[in-house]
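# A structural walkthrough
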Amino acid sequence: MGSYTRLRMNIFVVYCCVLLAIGASAAEDQISASRRSLAAADLKPCLSTAKARTAYPGSQEYENARIVFQLRNRYAPAAFVFPTTVAQVQNAIACSIKAGVGIAPRGGGHSFEDYSLGGRDGVLVVDMAGFTGFSYDRTTQTAVVGAGWRLGPLYLALWNAGKVTIPAGNCVSVGIAGHALGGGWGFSSRKFGLVADNILEAQVVLANGTVVTANKSKNPDLYFALRGAGANSFGIVTQFKFQVHDVSFPVTHFKYTWTTKSQQFQNFKAFQTWGVNVPAEISASFYLDPFGNSNIEGTYLGPKSKLAPLLTTFLQNAARPASTSVEELNWIQLILVNAGKPSNTDPNYLKLQGFQLPTNTFKAKSIFVNAPGLSDAGVNAMIKAMNGGPTQKAYFLYDLFGKQSAINQVPRSATSFVHRSSLFTIQAVAYWGNNAGEAAGDTAYINNYYQSVRPYATSEAYQNYIDRDMPLSAYYGSNLGALITDKKKWDPKNVFNFPQSIPLK
Ligand SMILES: Cc1cc2nc3c(=O)[nH]c(=O)nc-3n(C[C@H](O)[C@H](O)[C@H](O)COP(=O)(O)OP(=O)(O)OC[C@H]3O[C@@H](n4cnc5c(N)ncnc54)[C@H](O)[C@@H]3O)c2cc1C
Ligand SMILES: *[C@@H]1O[C@H](CO)[C@@H](O)[C@H](O)[C@H]1NC(C)=O
Ligand SMILES: *[C@@H]1O[C@H](CO)[C@@H](O)[C@H](O)[C@H]1NC(C)=O
C-alpha cells in the first residue's frame, strides 16, 4: 500500500458515512418473492384507503426504497408506505395487523442490522421521511422536530433558527429518530449529554392506533423506555421535543494524526490517561486501524486560544504527531468539518438536496470500557487482534464518555440508556463492499477482536451500533426488567418487534 492509499483510507473511515460509504451495489435477489406478493396483495386495498404513497415489489420505486446504509442483508419488505400524517401512520399499523405482516418504522436507514427493514423479509416498512415538522422556541430553548429529519438538515435548521444545536453525531445522513431513540453520541455530548438525554417529550402512535404523549409527567414509564430502547419496541414516534443548546460562540476543531504502527500503543495509552479527567467542553474520538494509523479528532466548545492547556497531558504522552490541525470555527462550520467538508463549504450543503444515501457492507461490534481504561495487557491484546486479520478494510473508534461528561451524570435507571459509567465505547468495524467472499473472514476477525478485548472491558455494548449476535442484557443491563414491564403495558401483542426488540417476557 502506498502512502496515498493509506491517507485516503484514513479519511474514509474517520469522516463516517459520507466518505466511508463505498457504494456497494444493491444486487437484485428473489428472496421469498411469492410470500412477498401474497402479503402485498393483502396490504394494497387496506393501505390505499389512507392515500399515503406506497411502493410494492416489482416496481423501481420499491427497489430504490430497499437501499439502506448496510447492504449485508438485502431484506425484501412486503411493501413500503410513506405517510405524511399521523392518521396515515395509524392506518399503516392497522393494515399490517390486518394483513398479518410485521411492521418497521424507518428513520434515516442507518441501522447496522437493517432493522428499519424489519431485520427479516416480508414486513411493512413505514418510512417516516415525510415527518419534517419543525419549530423552535427561544424562551424555553426547545425545538419540536418531526421524526423524519436527518442530522445534517436538522443541524442547519437549528442553527438558522437560533444558533442552537442538539448533541448528535457527525454523520449527516443518519436519521434523528433511530439516533435519538438508541442514545446518540456526538462531538458535543460530553457537555450536553446524549441526544436521548435531550428528549423532553415524544408523540407516539401505539399498536392500537392511540396517539400518546410521553414526557416527565405524562406516561413517564414510556418516556423512560423511549430514551435508549425506543427503536420499534413500543410504538412509532412521530415527533420529538428536544432541549436545545446555545452554540453561538467560537468553537475549535482539532485533529492529530500518526502513521507509525509502533506508536499505536503509546498513543492509545495517552488517550485513555488523558480522557479520565478531561473537562466536558472537549469531546473526542480516538482512531486506530490495521494500516498503523492512529489519530485523535475532537471539538472544543471554546476558542482556539484556550485549547492548548486542555490537550497538554495527551500530547506530552503521545508520540510526535505526523500532522496537526487546529481550527477555530463557528458551530455550523464545525458540523461541515466533522462531516468531512472544508469549513468554507456553503452550509446549505447540509440540506442534502439530491443526495444519494451512502451504503456499505460491514460487520460491527461495540464494547464499553470503564476507567481507567484497558490495562497494558488489554491494549496489547487489542492491538494484536487488530493487526491479525485477513483484511485491512477495518477501523476502530474510541468515543470518549468519562466521569466529567454530562452523559455519566445521569443515573443508570433514569432512562433506558444504561451505559453511564464508562470511559469510552469502542466501535470495531470491518467492511467488504461488493466482495462477499471476504464476509466470513472479516466477521471472524471482528469477533476475534471483541473476544480479545472483552476480558479487559465490560459486558456492555452500544445499542445504536447494534449487532445481532449480542444478548439484550449487553444493551439494556439492569433496565431490561423495567423495559419488559413497559413492553407488556404499551405493546401487549408485540406488534412492534424485530430480532432484538424488547420482548414480552
Ligand atoms: C455511517 C454511520 C455513522 C454513525 N455515526 C454515529 C455517531 O456518530 N454516533 C452515534 O451515536 N451513532 C452513530 N451511528 C449509529 C446510528 O445512531 C444508528 O444506526 C441509528 O439507529 C440510526 O438511525 P436511523 O434513523 O438512521 O436508522 P433506521 O435504520 O431508520 O432506524 C434504526 C432503528 O430505529 C427504529 N426507528 C426508526 N424510526 C423510528 C420511529 N419513528 N419510531 C420508532 N422506531 C423507529 C427502526 O425501526 C430501527 O429499528 C452511525 C451509523 C452509521 C451507519
Ligand atoms: C407533558 O405532556 C402533557 C400533555 O401534553 C402536558 O400537559 C405537560 O405539561 C407535559 N409535561 C412536561 C413536564 O413537559
Ligand atoms: C391502547 O393501548 C394502550 C396501551 O396498551 C391502552 O392503555 C389503551 O387503553 C388502548 N386503547 C384502546 C382504545 O384500546
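Residues numbered from 1 in each chain as written. Chains lettered and ligands numbered in written order. Predicted model: local features only at pLDDT ≥ 70, side-chain atom pairs only at ≥ 80, totals over all residues. Heavy atoms only, no water.

Heads up, the rule is: UniProt positions are given in the numbering used here, feature names are shortened, and annotations may be inferred rather than shown by experiment.
Under an unreviewed UniProt entry, the name given to the protein is FAD-binding PCMH-type domain-containing protein, and the source organism is Ceratodon purpureus. For the protein, the Sequence similarities (unreviewed entry) comment in UniProt is given as "Belongs to the oxygen-dependent FAD-linked oxidoreductase family." On record in UniProt, under Cofactor (unreviewed entry), the comment for the protein is "FAD".

## Quick look at the layout of surface pockets
Put simply, the rule reads: Space inside and on the surface of the protein is sampled on a 1 Å grid over the protein atoms alone, with a cavity defined as a set of points where a 1.4 Å probe fits but cannot get out and a pocket as an open set with protein on both sides within 12 Å along at least 5 of 7 lines; lining residues have an atom within 4 Å of a point. Grid points are joined across faces, edges and corners, and a volume is the space filled by probe spheres set on the points. Secondary structure elements follow DSSP: runs of H or I no shorter than four residues count as helices, runs of E no shorter than two count as strands, and numbering proceeds from the N terminus. Throughout, the ten residues Ala, Val, Leu, Ile, Met, Phe, Trp, Tyr, Cys and Pro are labelled nonpolar, Asp, Glu, Lys and Arg are labelled charged, and all others, Gly among them, are labelled polar.
Approximately 790 Å³ is the volume attributed to the largest pocket. At three residues, the largest contribution of residues to the lining of the largest pocket is made by helix 4 (residues 60-65). Looking at the lining of the largest pocket, its residues break down into 14 nonpolar, eight polar and six charged.

## Here's the deal with the side chain of N408
For clarity, the cut-off: Here a polar contact means two N or O atoms within 3.5 Å. Within protein one must be a hydrogen donor candidate and the other an acceptor candidate, and residues neighboring in sequence count only if both atoms are side-chain atoms. The contact criterion used is simple: two residues touch if any of their non-hydrogen atoms lie within 4.5 Å.
Along the chain, N408 turns up in the loop between strand 17 (394-400) and strand 18 (422-431). Separated by 3.0 Å, the side chain of N408 and the backbone oxygen of S422 make a polar contact. Look past the residues within four positions of N408 in its chain and what remains in contact with it is F401, G402, K403, H419, R420, S421 and S422.

## Quick notes on the sheet that holds strand 4 (residues 124-127)
As a reminder of what qualifies: Here a strand pair is declared whenever DSSP counts at least two bridges between the two strands. An axis is simply a line fitted to the C-alpha atoms; with a helix, the fit covers only the stretch in contact. Between two such axes, the angle follows the N-to-C directions and lies from 0 to 180 degrees.
The mixed open sheet is built from four strands, whose spatial order is 1-2-4-3. Each edge of the open sheet is held by one strand with a lone partner, namely strand 1 (53-55) and strand 3 (103-106). Adjacent strand axes in the sheet meet at a mean angle of 20 degrees, parallel and antiparallel pairs treated alike. Relative to strand 4, strand 2 (residues 79-82) is paired through three bridges, and the arrangement is parallel. By the bridge assignment for strand 4, V81 is matched with V126.

## With respect to the state of the cysteines
Heads up, the condition is: Working definition: a disulfide is two cysteine sulfur atoms within 2.5 Å of each other. The rule is simple: take the accessible area with a 1.4 Å probe, protein chains only, and divide by the maximum for that residue type; under 20% is buried, over 50% is exposed, in between is partly exposed.
One pass over the structure, following the stated rule, counts one disulfide. Between the sulfur atoms of C46 and its disulfide partner C95 the distance amounts to 2.1 Å. The S-S bond linking C46 to C95 shows a torsion near -85 degrees; that makes this disulfide left-handed. Taken together, the residues span a long stretch of sequence, with C46 in helix 3 (residues 33-48) and C95 in helix 5 (residues 86-99) at a distance of 49 residues. When its relative accessible area of 1% is taken as the criterion, C95 is described as buried.

## Here we look at the pattern of salt bridges
Condition: Whenever Lys or Arg places a side-chain nitrogen within 4 Å of a carboxyl oxygen from Asp or Glu, that contact is recorded as a salt bridge.
For the structure shown, the criterion picks out 15 salt bridges. Close ionic contact of D197 with R420 constitutes a salt bridge, the shortest N to O distance being 2.7 Å. Of this pair, D197 sits in the loop between helix 8 (189-192) and strand 8 (199-205) while R420 is found in the loop between strand 17 and strand 18, placing the two residues 223 residues apart along the sequence. For K393, the salt bridge goes to E438, with nearest N and O atoms at 2.9 Å. One end of the pair, K393, is in the loop between helix 13 (376-387) and strand 17; the other, E438, is in the loop between strand 18 and helix 14 (439-453), with 45 residues separating them in the sequence. Here the salt bridges share partners, and the residues they tie into one network are K363, K365, D467 and D469.

## Structural notes on the pairing of strand 6 (residues 142-146)
Taken residue by residue, a regular strand's side chains alternate between the two faces of the sheet. Most of strand 6 is tucked away, with four of its five residues classed as buried. Hairpin connection of strand 5 (residues 134-137) to strand 6: four residues between the antiparallel strands, including Q141 at a positive phi of 50 degrees. Note: strand 6 against strand 10 (residues 236-243), five bridges, orientation antiparallel. Of the residues in strand 10, the one forming a bridge with G146 is Q239.

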